[in-house]
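Observations on chain architecture
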Amino acid sequence: MDRNVYIENLKSQLDKWNTEMAKWEAQAAKAQAGMRAEYDKQLATIKQHQTQAAEQLRKMQAASGDAWTDFQRGTDEAWAAMRKAFENASASFKKRG
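Source: prediction; values computed, not measured.

**Let's talk about the packing of helix 1 (residues 3-30) against helix 2 (residues 33-62)**
Two elements in contact, helix 1 and helix 2, have axes separated by 10 Å at closest approach and are oriented at 160°. Judged by the inter-axis angle, helix 1 sits roughly antiparallel to helix 2. Judged by the sense of rotation from one axis to the other, the crossing of helix 1 with helix 2 is left-handed. Its residues assigned to classes, the contact of helix 1 with helix 2 comprises 15 nonpolar, four polar and six charged.

**Concerning the packing of aromatic side chains**
Under the definition given, this model contains three aromatic pairs. Plain terms: the ring middles of Trp17 and Trp79 are 5.9 Å apart, the flat faces sit at 40° to each other, and that makes the pair tilted. Of this pair, Trp17 sits in helix 1 while Trp79 sits in helix 3 (residues 67-96); the two residues are 62 residues apart in sequence, bridging distant segments of the chain. This pair shows no difference in class: Trp17 is buried, exactly as Trp79 is. With centroids separated by 5.8 Å and ring planes inclined at 40°, the aromatic side chains of Trp17 and Phe86 adopt a geometry described as tilted. With Trp17 in helix 1 and Phe86 in helix 3, the pair connects residues that are 69 residues apart, well separated along the chain. Considered together, Trp17 and Phe86 belong to a single accessibility category, that of buried residues. Grouped by ring-pair contacts, the aromatic residues Trp17, Trp24, Trp79 and Phe86 constitute a single cluster.

**Quick word on the nonpolar core**
Core analysis: the biggest nonpolar cluster contains 23 residues, and Trp24, Ile46 and Trp79 have the highest contact counts within it. Looking at this core, the elements with two or more residues in it are helix 1, helix 2 and helix 3. In contact with Trp24, other than residues within four places in its own chain, are Leu43, Ile46, Phe86, Ala89, Ser90 and Phe93.

**As for the environment of Arg36**
Examined against the element boundaries, Arg36 turns out to sit in helix 2. A residue is classified by how much of its surface remains accessible, and Arg36, at 32% relative accessible area, is partly exposed. Considered as a pair, Arg36 and Gly65 are 29 residues apart in the sequence and their alpha carbons are 46 Å apart. Discounting residues that sit within four places of it in the chain, Arg36 has contacts with Ala28, Ala29 and Ala31.

Cut-off values and rules
- Residue numbers run consecutively from 1 along every chain, following the written order of its sequence.
- pLDDT decides what is reported in this predicted model: residues at 70 or higher carry local features, side-chain atom pairs at 80 or more are listed and counted, and totals for whole chains, interfaces and linings draw on all residues regardless.
- To get the side-chain values, all heavy atoms of the structure are used, and hydrogens and water are removed first.
- Note on geometry: axes are lines fitted to C-alpha atoms, helical ones only across the stretch in contact, with angles between N-to-C directions running from 0 to 180 degrees.
- Segments assigned H or I by DSSP are reported as helices when at least four residues long, segments assigned E as strands when at least two residues long, and all are numbered from the N terminus.
- Throughout this description, any angle smaller than 35 degrees is read as roughly parallel, any larger than 145 degrees as roughly antiparallel, any in the 65 to 115 degree range as roughly perpendicular, and the remainder as oblique.
- Crossing handedness: left-handed means the near helix sits turned counterclockwise from the far one by under a right angle, and right-handed means the same turn made clockwise.
- Under this grouping Gly is polar, as are all residues other than the nonpolar Ala, Val, Leu, Ile, Met, Phe, Trp, Tyr, Cys and Pro and the charged Asp, Glu, Lys and Arg.
- Here a pair means two rings of Phe, Tyr or Trp (six-membered ring of Trp) with centres within 6.5 Å. Their orientation is stacked below 30 degrees between planes, edge-to-face above 60, and tilted elsewhere.
- For each residue, the accessible area found with a 1.4 Å probe, counting protein chains only, is set against the maximum for its type, and the residue is called buried under 20%, exposed over 50%, and partly exposed in between.
- The set of buried Ala, Val, Leu, Ile, Met, Phe, Trp, Tyr and Cys residues whose side-chain atoms join them within 4.5 Å is what this entry labels a nonpolar core.
- Contacts are residue-level and defined by heavy atoms, with any inter-residue pair within 4.5 Å sufficient.

Following this line, the structure appears as structure tokens:
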């Protein structure tokens, strides 16, 4: 896959996740104390993965020439972890939302 297309796809996905997370944060802010703790836990987990995914994206953008292919594997792994955390959080918020 072309480097620029790959990076744009990553940016687009990260933007979508950020938009959904903002909705969840608003939902968590309205939750009762017991539910709030669970929401906060889910949000903390996904934010950790989001930070890792964003860092991998920055590395990809800064990588020159063929070096970006080395970062692609790490980025794919970070994105897979983020996707899984996002799906878990999404299921949790939909059940309670």
